[in-house]
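One-letter residues, chain by chain:
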Amino acid sequence: MTTQELIAASAKYLANTYARFPIVLVRGKGIHLWDSDGKEYLDFVGGIAVDALGHCHPRMVEAIRAQAETLIHVSNLYHIEPQIRLAQLLCEHSFADRAFFCNSGAEANEAAIKLARKYAKDHWSTDRVEIITMQHAFHGRTLATVTATGNPKYTHGFEPLMPGFKQVPYNDLRAVERAIDSRTCAILVEPVQGEGGVNVPRDDYLPGLRRLADEAGVLLILDEVQTGMGRTGKLFAYEHWGVEPDILTLAKALAGGVPMGAMLAREAVAASFVPGTHASTFGGTPFVSAIALAVVRTMLEEDIPGHAARVGKYFLGRLNALKGAHPVVKTVRGLGLILGMEVTVPARAIVAACMERGLLLLTAGDNVVRFVPPLVVTETEVNRAVEIVEAALKGVAA
Ligand SMILES: *Cc1c(COP(=O)(O)O)cnc(C)c1O
């Protein structure tokens, strides 16, 4: 099929849930992608903060090949060696004592919401069911997680929504303090908001949430689906602020592009899940666990989070310089390699202009251009991307 035929078939046969750009990507290597017409792109989307090691990283390819020849799927009726090793590795490098594996960010958050409710019932009372979430959050698209997300753009038409969520402004400790009452069982927050505009909180926010949670005796759940696995320059974003959650969720980069989610929890909380309380057919298969194990080992052995911190700092400096030179750029913000550029024009116009010039970017809300490249990106590649962004800014302003 030609590119035009493929795009026509896409419009005809697929559920119409995405506003897709009119290209078909067929091949990738490192941070480079090629479309069906042979055009090359610099990939600063990375599958939306998923392809942390870039495309077709040799250690991932080798893990996929080796595991495909060994064992792909059995069931959680049995012990699964790569799953056990992955859980151990994640626990040894985090606050957590136990891991539950699933297949996506929304599912990881579903597990966290269920665990928080179950823990509250086991320890407190049956009416402590409410979870406080933040405006401009993103937690997924299932009914519970879309309710937690709370954005009318995503919830409209799907009512009745899930009861048990209360939303307050992000980065506002007083609002959380006022919202906590005898019905609260947990606070759910992204350490840095991704989809909601790359919002980095004040330095006292996470420590403040931890303190409020402790004082009220409620759980702190961190959604690190986007910020986890090195994205912010630490393996987990919470490390920046020296606080630990009770529950943490992961997905996106965890298996480097193969679908996997995880919920990590400390022992006392995890203990509320016992055989029969929660499950997933595909959670932590031998195949996906072996790939995630290769990804996480590579990240640790090659200090990918440290690399992301260094290149991210350089990148932020380059974007800040653009801000001075181009009035279209309002603010620049971010942490590690999750960066946002707030613009005075529709962000999608800049993303489209960059795509034209061979750079893939995405938006975060209507007015923020988001940069979440593979964490292995180099300063040279950042320079090339910034050149293209600058050309696009000139084009949009003209
Ligand atoms: C992407 C994302 C999710 C949802 O993940 P899916 O795998 O699409 O379900 C949840 N939370 C955050 C912070 C995300 O960035």
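Shown above is the structure to which this text applies.
For soluble globular proteins, the rule of thumb is that nonpolar side chains tend to be buried together. Formed by 90 residues in total, the largest nonpolar core has its most connected members in Phe44, Met229, Met341 and Phe371. Once residues within four sequence positions are removed from consideration, methionine 229 is found in contact with Leu90, Leu235, Phe236, Leu250, Ala253, Leu254, Val296, Met299 and Leu375. Of all hydrophobic cores here, the second largest spans 25 residues; its members include Phe100, Cys185, Ala186 and Met263.

The next point concerns the sheet that holds strand S10 (residues 261-265). Overall, mixed pairing links the seven strands, which are arranged S4-S10-S9-S8-S7-S5-S6 in an open sheet. Of all strands in the sheet, those with a lone pairing partner are strand S4 (98-102) and strand S6 (165-168), marking the two edges. Ignoring which end each strand starts from, the neighbouring axes of this sheet average 20° apart. In this structure, strand S5 (residues 130-134) lies alongside S6, joined through four bridges in parallel fashion.

What follows is about the packing of helix H4 (residues 81-92) against helix H11 (residues 286-301). With their axes 8 Å apart at the nearest point, H4 and H11 run at an angle of 35° to one another. Of the two possible hands of crossing, H4 and H11 adopt the one that is left-handed. Note on element contacts: H11 touches H4 through Pro286, Ser289, Ala290, Ala292, Leu293, Val296, Arg297 and Leu300, opposite Pro82, Gln83, Arg85, Leu86 and Leu89. Residues that form the contact of H4 with H11 fall into these classes: nine nonpolar, two polar and two charged.

Bringing the site of the ligand into the picture now. Around the ligand sit 13 residues in total, of which Gly105, Ala106, Asp223, Gln226 and Lys252 are the nearest. Within the backbone of alanine 106, an N or O atom sits 2.8 Å from an oxygen atom of the ligand. In the model, an oxygen atom of the ligand is placed 2.6 Å from a nitrogen or oxygen of the lysine 252 side chain. Surface burial for the ligand is 81%, taken as the share of its 380 Å² of free accessible area covered by protein chains. No other element matches the three residues that helix H5 (residues 105-123) contributes to the shell around the ligand.

With that settled, consider the side chain of asparagine 109. Following the sequence through the fold, asparagine 109 ends up in helix H5. A residue is classified by how much of its surface remains accessible, and asparagine 109, at 1% relative accessible area, is buried. A polar side-chain atom of asparagine 109 sits 2.9 Å from a polar atom in the side chain of aspartate 223. Among residues more than four places away in sequence, those in contact with asparagine 109 are His139, Thr145, Asp223, Val225 and Thr249.

Two elements in contact, helix H3 (residues 58-68) and H11, have axes whose closest approach is 9 Å; the angle formed by their N-to-C orientations is 150°. Comparing their axes, H11 and H3 come out roughly antiparallel. In this structure, H3 meets H11 at a crossing whose hand is right-handed. Contacts between H3 and H11 involve Arg59, Met60, Ala63, Ile64, Gln67 and Ala68 from the former and Pro286, Phe287, Ala290, Ile291, Ala294, Val295, Arg297, Thr298 and Glu301 from the latter.

Here we take up the pattern of salt bridges. Counted by the stated rule, this structure contains 19 salt bridges. Of the charged contacts in the structure, one is a salt bridge between aspartate 122 and lysine 118, with a shortest N-O distance of 3.3 Å. Highlighted residues: aspartate 122 and lysine 118, both in helix H5, separated by four residues, approximately one helical turn. For lysine 118, a relative accessible area of 28% gives the class partly exposed. Arginine 210 is the partner of aspartate 246 in a salt bridge, and the nearest nitrogen-oxygen pair spans 3.0 Å. You can see aspartate 246 sitting in the loop between strand S8 (219-223) and strand S9 (247-250) and its partner arginine 210 sitting in helix H9 (residues 205-216), a full 36 residues away along the chain. Judged by its relative accessible area of 3%, aspartate 246 is buried. A relative accessible area of 12% means that arginine 210 is categorised as buried. Taken together, the salt bridges that share partners define one network made up of Glu130, Lys166, Asp181 and Arg183.

Conventions used here
- Residues numbered from 1 in each chain as written.
- Predicted model: local features only at pLDDT ≥ 70, side-chain atom pairs only at ≥ 80, totals over all residues.
- Heavy atoms only, no water.
- Core = buried A, V, L, I, M, F, W, Y, C linked by side-chain atoms within 4.5 Å.
- Buried < 20%, exposed > 50% of the residue type's maximum accessible area, 1.4 Å probe, protein only.
- Contact = heavy atoms within 4.5 Å.
- Pairing = 2+ DSSP bridges.
- Helix = DSSP H or I, 4+ residues; strand = E, 2+ residues; numbered from the N terminus.
- Axes fitted to C-alpha atoms, helices over the stretch in contact; angles between N-to-C directions.
- Left-handed = near helix turned anticlockwise from the far one by under 90°.
- Nonpolar A, V, L, I, M, F, W, Y, C, P; charged D, E, K, R; others polar.
- Near = heavy atom within 4 Å.
- Polar contact = N/O pair within 3.5 Å; in protein donor to acceptor, adjacent residues only side chain to side chain.
- Areas by Shrake-Rupley, 256 points an atom, 1.4 Å probe, with all protein chains shown as cover.
- Parallel < 35°, antiparallel > 145°, perpendicular 65-115°, else oblique.
- Salt bridge = Lys/Arg side-chain N within 4 Å of Asp/Glu carboxyl O.

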